[in-house]
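# Descriptive analysis of the structure
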Amino acid sequence: MPESAWKFLYSSFAWTSTLYVVVFSGKYQFFQRPSTVWDNWNINSPIPTDIYILYVIQCSFYLHSLYATLFLDTWRKDSVVLLLHHLITLVLVSGSLACRYQNIGILVLLLHDICDVQLEFTKLNVYFKYQGGQLKRHHEYVANISFFVFAVTWFVSRLYWFPLKALYASSENLVKRKLSIPFSTFLNFLTWVLLAMNIYWFMLVLGFLFRVATGQMQEVDDTREYDVLEKIEKKVAQHSKLQNGNTYHNGQLDTSFNPSVRSRKPKQAKAVTNGKLLEVEN
């Protein structure tokens, strides 16, 4: 919970600040018209103060995140991918600042940070569901709604807008303008790797939705955490045994009677009652 609380507070501050600068300040049209990220580009041009401040804050956060993922945060199924993500983001942020690509860089941050806000908000409500040994239903409802919004936002911002706006501006639009800028191929390659990781994480989201749809999970939980995966595996194993017709009685498994196997002929079925084996004529 403290880990998610810290990330939620930081992501909320970072995204709302970026949203104001890029969209509501009226100074830039990067989101509405992505091709403007290259207007008047020059390697020696000064960096706007508002964008520079956001860049320095983001760079320091991802530098901290490398250390935190290794030594402070809970180790999860995707922690290795998360480390790679932090490293690539750190290179992109610092490299784009040095090469004066800050316009497209701030657009990439805008499209990604919104998902972090919703993810950590969802996880906080998951952790708050049980207090004093009691289930708080309102937190469960909020977590379910928030996760649905998170999944939709992830698809729209990271898998639709990100390629449509940021990747288009950093690749095809750059070629059309015939601009020769340093390290453009390398930094552009890293943005495509970022897209690949977005697809990987979205597959985890779809996997969670599949578990819910098939009844393997009844509540929102972080399936990247190993203790949650262990809990799911136990439920799946029990569900599989019940589906195969196995029944439990007094803590013992009885496989003698399978209701899924039917016969037209009368037969005897075995049942366990009060520790005694009885035969019942069909």
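Owing to the predicted nature of the structure, the values given are computational and were not obtained by experimental measurement.

## Examining the overall build of the protein chain
- A count of helical and extended segments in the protein chain gives eight helices and six strands.
- N-terminal to C-terminal, the α/β element order of the protein chain is α-α-α-α-β-β-α-α-α-α-β-β-β-β.
- When burial is assessed residue by residue, the protein chain has 43% of its 282 residues classed as buried.
- A fraction of 69% describes how many contacts in the protein chain between residues 6 or more apart in sequence connect residues 24 or more apart.
- Carbon and sulfur atoms form 63% of the exposed surface of the protein chain, whose accessible area is close to 16,300 Å².

## Some words on the confidence of the model for the protein chain
- Averaged over every residue, the pLDDT of the protein chain is 77; the share at 70 or more is 75%.
- Between the elements of the protein chain, mean pLDDT differs from a low of 42, seen in strand S3 (residues 247–249), to a high of 93, seen in helix H1 (residues 2–24).
- Contacts from residues 246–282, a stretch scored under 50 in pLDDT, to residues over four places away or in other chains number 40 contacts.

## Description of unusual backbone geometry
- Even without a glycine there, the phi angle at Asn-40 is positive, about 60 degrees.
- Along the chain, the position of Asn-40 falls in the loop between H1 and helix H2 (49–71).
- Of note, the phi angle at Arg-100 is positive, near 65 degrees, even though the residue is not glycine.
- Mapped onto the secondary structure, Arg-100 falls in the loop between helix H3 (79–98) and helix H4 (102–127).
- A residue is classified by how much of its surface remains accessible, and Arg-100, at 22% relative accessible area, is partly exposed.

## Some thoughts on the pattern of salt bridges
- Evaluation of the coordinates by the stated rule reveals four salt bridges.
- We note a salt bridge from Asp-50 to Lys-27, for which the minimum N-O separation is 2.9 Å. Taken as a pair, Asp-50 in helix H2 and Lys-27 in the loop between H1 and H2 lie far apart in primary sequence, 23 residues in all.
- Residue classification places Lys-27 among the exposed residues on the basis of a relative accessible area of 54%.

## Things to note about the environment of Leu-72
- Relative to the assigned elements, Leu-72 resides in the loop between H2 and H3.
- According to the relative accessible area criterion, Leu-72 is exposed, its value standing at 56%.
- Each C-alpha atom of the pair Leu-72 and Glu-3 lies 8.7 Å from the other, and the pair is 69 residues apart in sequence.

## Some points on the nonpolar core
- Phe-30, Trp-38, Tyr-101, Ile-106 and Phe-162 are the most contacted members of the largest nonpolar core, which has 49 residues in total.
- Contributing elements (two or more residues each) for this core: H1, H2, H3, H4, helix H5 (137–170) and helix H7 (184–213).
- Not counting residues within four places of it along the chain, the set of residues in contact with Phe-162 comprises Val-108, Leu-111, His-112, Ser-157, Leu-167, Thr-191, Leu-194, Leu-195 and Asn-198.
- In this structure, Tyr-10, Ala-14, Phe-61 and Tyr-62 belong to the second largest nonpolar core, which totals seven residues.

## Some thoughts on the side chain of Thr-191
- Along the chain, the position of Thr-191 falls in helix H7.
- Setting aside residues no more than four positions away along its own chain, Thr-191 makes contact with Leu-92, Phe-162, Leu-167 and Ser-170.

## Quick notes on the packing of aromatic side chains
- Taken as a whole and judged by the stated rule, the model has 15 aromatic pairs.
- Ring centres of Tyr-67 and Phe-71 lie 5.1 Å apart, and the angle between their planes is 45 degrees; on these two criteria the pair is classed as tilted. Of the two residues, Tyr-67 and Phe-71 both sit in helix H2, four residues apart, roughly one turn of that helix.
- Taken together, a centroid distance of 6.0 Å and an interplanar angle of 40 degrees make the contact between Phe-147 and Phe-150 tilted. Here Phe-147 pairs with Phe-150, and both are found in helix H5, just three residues apart, close to one helical turn. Both residues of the pair, Phe-147 and Phe-150, count as buried.
- Counting every residue linked through ring pairs, the aromatic cluster contains Phe-147, Phe-150, Trp-154, Tyr-200, Trp-201 and Phe-208.
- Directly above the ring of Trp-154 sits Arg-158, whose terminal nitrogen or CZ lies 4.1 Å from the centroid.
- For Lys-165, the ring lying beneath its charged end belongs to Phe-31, and the centroid distance is 4.5 Å.

## A few points about H2
- For H2, with 23 residues, the first-to-last C-alpha span of 33 Å sits near the 33 Å given by 1.5 Å per residue.
- For H2, the full list of buried residues reads Asp-50, Ile-51, Leu-54, Tyr-55, Gln-58, Phe-61, Tyr-62, Ser-65, Leu-66, Ala-68 and Thr-69.
- The inward-facing, buried residues of H2 abut H1, H3 and H4.

The rules behind the values
Per chain, residue numbering runs from 1 following the sequence as it is written. Residues qualify for local features only when their pLDDT is at least 70, as the model is predicted, and side-chain atom pairs are given and counted only at 80 or more; totals for whole chains, interfaces and linings, by contrast, use all residues. Water and hydrogen atoms were dropped before computing side-chain values, which therefore reflect all heavy atoms in the structure. Helix and strand assignments follow DSSP, with helices taken as H or I runs no shorter than four residues and strands as E runs no shorter than two, numbered in order from the N terminus. Three exposure classes are used, based on accessible area relative to the maximum for each residue type with a 1.4 Å probe and protein chains only: buried under 20%, partly exposed in between, and exposed over 50%. Should any heavy atoms of two residues lie within 4.5 Å, those residues are counted as being in contact. Only the protein chains shown count as cover for residues, and the accessible areas themselves come from Shrake-Rupley with a 1.4 Å probe. A score between 0 and 100, pLDDT records how confident the predictor is in each residue. Any carboxyl oxygen of Asp or Glu within 4 Å of a side-chain nitrogen of Lys or Arg constitutes a salt bridge here. Nonpolar cores were defined as sets of buried Ala, Val, Leu, Ile, Met, Phe, Trp, Tyr and Cys residues, with membership established by side-chain atoms within 4.5 Å. When two rings of Phe, Tyr or Trp (its six-membered ring) have centres within 6.5 Å they constitute a pair, described as stacked for plane angles under 30 degrees, edge-to-face for angles over 60, and tilted for the intermediate range. In our convention, an over-ring charge means Lys NZ or Arg CZ found within 6 Å of a ring centre and within 35 degrees of that ring's normal. Between the first and last residue of a helix there are one fewer steps than residues, each counted as 1.5 Å, and that sum is the expected span.

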